[in-house]
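# Coordinate analysis (summary)
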Amino acid sequence: MNYHWHWSILVEQPYLSWLAHGLAVTLTLSGLAWLIALPLGTLIAVLRTGPWKIGRVIGACYVRVFRNVPLIVQMFLWFFVFPEVVPKTFGFFLKRQLPFPEFTMGLLCLSFYSASRLAETIRSGLETAGSGPKNAALASGLSYVKTYRFVLLPMAFRLVIPPLTSEFLAIFKNSSVALAIGVLEITAESHQIESFTFQGFEAFTAATVLYALISLMCLILAGLFKRYLSNAGGLGAEVAIK
Amino acid sequence: MIMIEAVDKWYGQLQVLSECSASIDQGEVVVVCGPSGSGKSTLIKCINGLEEFQKGQITVDREPIKSASTNIYKLRSKVGMVFQNFELYPHLTSIENITLAPMKVLKRSREECVQRARKLLQQVGLSAHGEKYPSQLSGGQQQRVAIARSLAMDPIVMLFDEPTSALDPEMINEVLDVMVDLAKSGMTMVVVTHEMGFAQRVGSRVIFMDAGKIVEDRKCPDFFSNPNSDRAKAFLSKIVKH
Amino acid sequence: MSSFDWTVITRNVPWLWAGMQLTLLLTALAVVGGITVGVLVAICRLSSWKPLSLLAKIYVDLFRSIPLVLAVFWFYFMVPIITGQPVGPFYSIVIAFTFFEGAYFSEIVRAGIQGVRRGQLSAALATGLTHFQAILHVVLPQAVRSMYPLLVTRSIIIFQDTSLAFVVGLTDFLTSANIIANREGRPIEIYCFVALVYFVVCYAAELGLDRTTKRVTR
């Protein structure tokens, strides 16, 4: 092994600001994707378990399509194909006038993809919650929408906090795939540092440490959130026993 | 054949065996009974080293269990054990269940083992079930296969850990009959059971345990006609209904 | 780009097929390597010797906290330095996938082993089998049956993930298609076809899994 260590490169310019920029991009990209994917995924999960047959079919197809095509291929579809197949003026807007086109398309792609994964997680929570509470709520005169809103979804979310946490982490990790269409997030920036300086060990260590820190923070936050939920309303603890 | 000398065992702070001593001679059928949680199963699992104990010594066929020079695997191959929940390997047929250990431990040939397995199945009255999987057999049949599996190792002593307590009432006798035949053939047996009828038919001695201690160790008829301790009297009055 | 020209696909079938063959080879090697590493790591993880299980846990946590792309970059960079010679993207990718997927497989295997009832191990030990024999002949075969759906699902994910070989320019299915798309100037047709192929293969595998699960996990 013949390697010249040069750790201080990580605090030299421009590499330090490259890393900072990458971190900022990863955090905003995954954070925004989470904000879009969670309601979308919830909606799909509700459709899949709901009373309308068409909704169940749509939900199932959505999950099937988005989970069976590699994320990087979906990135290419959003970035290269989507602007070409929409009406011309909109396509022109996407290609020429959209600010940060890579970031925006990467965000849409990551959001829709993550929604399909979240939908499966939330659906398993809804199924674990079972038909008992559902029947009880419907029998008490609540509509389907209110049954989901006030009974089933609150139960399901409390049940799936651990898998939701790992899905949250998966979004952070998956955001790295956006580098394929030119989004400069952490992994891409560290790769760029490696290409410029050949100090790959230092660059990739920096990226690894940043991802590990993000994971750790998410786990701590999820723990706090879970405690908050089980304090508020008591349902958390009750359901968790199941 | 088996010497149990002042055995103490703790799970953390909880003492589950205290000062247990007994000896079992060749050809004896010793029934171990007592209320649940009294340490009967733990004691016989110590005899083949499936449970560790902190103090005392157990000697099987002149070999001490707790000794660096003892090969525990070799010792176990001479001691047969039948479990409460049968523990047949669900992915293997009856014949394969019986032949696994003789082939792998005693390095016998497959033909020899299969031949012996068929004989043993005949002995327990299941000649027609050699190719079946455990899930295709009733509980009583499974337990008889489990007995055959232990016998295939030509053990010098057989341990039974509540062999009938997981069985439906109508299946208990088919298992007990096999055990009675085995006792009459001269096999040394240690049997944890609540089946006092079995003890009265073939038992040579009864060891009565309570709260981790051996309370009584008596010849069989004496124990039933004239138990010494109040605990044994109370126990017998509950368990012997006729 | 006013009209579609789907013959771009039929014209390039040999290239695409060569790419798919590499993708399939990569998937097979990653699955075999990953499961091998996964079983070893899982056994270490379940070891009663604390330092070994801690080491295995660190291994698993570390690989599971970073994205696959970063792992690919790591190995692409590290393997030539460690071996002292250029090995090319193929071997780097295979090694990266083996270690990365090993971490995920080990969690599946660990859960499978822990799912086998404790009494089964006792019963095997009681007949005189050694610990290793008991794990090999009694615990693992049962664990594999219960793990089957998860192992197949993970293999499908690996099939999709091999497309990330794109980032180091290994000519798998996606990269081959990408080259053709650029050369022919027909990204729409090519990328749609690529997505369709991935979808059909993965969906078929999913259906196959559904049909065989009952039989295997009997």
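Read on for a plain summary of the structure.

What counts as what
Residues numbered from 1 in each chain as written. Chains lettered and ligands numbered in written order. Predicted model: local features only at pLDDT ≥ 70, side-chain atom pairs only at ≥ 80, totals over all residues. Heavy atoms only, no water. Helix = DSSP H or I, 4+ residues; strand = E, 2+ residues; numbered from the N terminus. Buried < 20%, exposed > 50% of the residue type's maximum accessible area, 1.4 Å probe, protein only. Contact = heavy atoms within 4.5 Å. Areas by Shrake-Rupley, 256 points an atom, 1.4 Å probe, with all protein chains shown as cover. Lys, Arg positive; Asp, Glu negative; His and termini not counted. Charge placed at Lys NZ, Arg CZ, Asp CG, Glu CD. Buried area = accessible area lost by both parts, 1.4 Å probe. Salt bridge = Lys/Arg side-chain N within 4 Å of Asp/Glu carboxyl O. Polar contact = N/O pair within 3.5 Å; in protein donor to acceptor, adjacent residues only side chain to side chain. Nonpolar A, V, L, I, M, F, W, Y, C, P; charged D, E, K, R; others polar. Axes fitted to C-alpha atoms, helices over the stretch in contact; angles between N-to-C directions. Parallel < 35°, antiparallel > 145°, perpendicular 65-115°, else oblique. Left-handed = near helix turned anticlockwise from the far one by under 90°. Core = buried A, V, L, I, M, F, W, Y, C linked by side-chain atoms within 4.5 Å.

What follows covers the overall build of chain C. The number of helices and strands found in chain C is nine helices and zero strands. Shown N-terminal to C-terminal, the secondary structure of chain C runs as helices and strands in the order α-α-α-α-α-α-α-α-α. With respect to the principal axes defined by its C-alpha atoms, chain C has extents near 75 × 45 × 25 Å. Counting across all 218 residues of chain C, residues that qualify as buried make up 54%. Considering only contacts in chain C between residues 6 or more positions apart, those separated by 24 or more positions represent 75%. Counting every atom, chain C has about 10,100 Å² of accessible surface; 69% of that belongs to carbon and sulfur. One finds the centroid of the 16 positive side-chain charges in chain C at a distance of 15 Å from the centroid of its 10 negative side-chain charges.

Across the boundary between the two partners, chain B contributes 22 residues, which contact 20 residues of chain C. Between chain B and chain C, roughly 1,800 Å² of surface is buried when both sides are summed, and carbon and sulfur atoms account for 60% of that area. Residue B:Glu87 is joined to C:Arg117 by a salt bridge in which the shortest nitrogen-to-oxygen separation is 3.1 Å. Our count for the contact surface shared by chain B and chain C stands at seven residue pairs in polar contact (both at pLDDT 80 or more). Looking at the side of chain B that touches chain C residue by residue, the classes come out as 13 nonpolar, four polar and five charged.

This brings us to the packing of helix α6 (residues 118-126) of chain C against helix α7 (residues 131-161) of chain C. Residue and element names in this part refer to chain C. Close contact between α6 and α7 brings their axes to 9 Å; oriented N to C, the two are set at 140°. The pairing of α6 with α7 is recorded here as oblique in orientation. Our pair here, α6 against α7, has a crossing hand that is right-handed. Here Gln120, Leu121, Ala124 and Leu125 of α6 come into contact with α7, specifically with His131, Ala134, Val138, Val139 and Gln142.

This part is about the nonpolar core. When a protein is soluble and globular, its nonpolar side chains tend to lie buried together. In this structure, A:Ile72 and B:Ile58 are the most contacted members of the largest nonpolar core, which totals 165 residues. In this structure, A:Ile72 is in contact with A:Val177, A:Ala180, C:Ser163, C:Leu164, C:Phe166 and C:Leu174, ignoring residues within four places of it in sequence. In terms of nonpolar packing, the next biggest core, distinct from the first, is built from 47 residues, B:Ile147, B:Val175, B:Val178 and B:Met179 among them.

Of all two pairs of chains sharing an interface, the pair with the highest contact count is chains A and C. No part of chain A reaches chain B; the closest C-alpha pair between them is 26 Å apart.

Everything listed is a geometric property; what it means functionally is a separate question.
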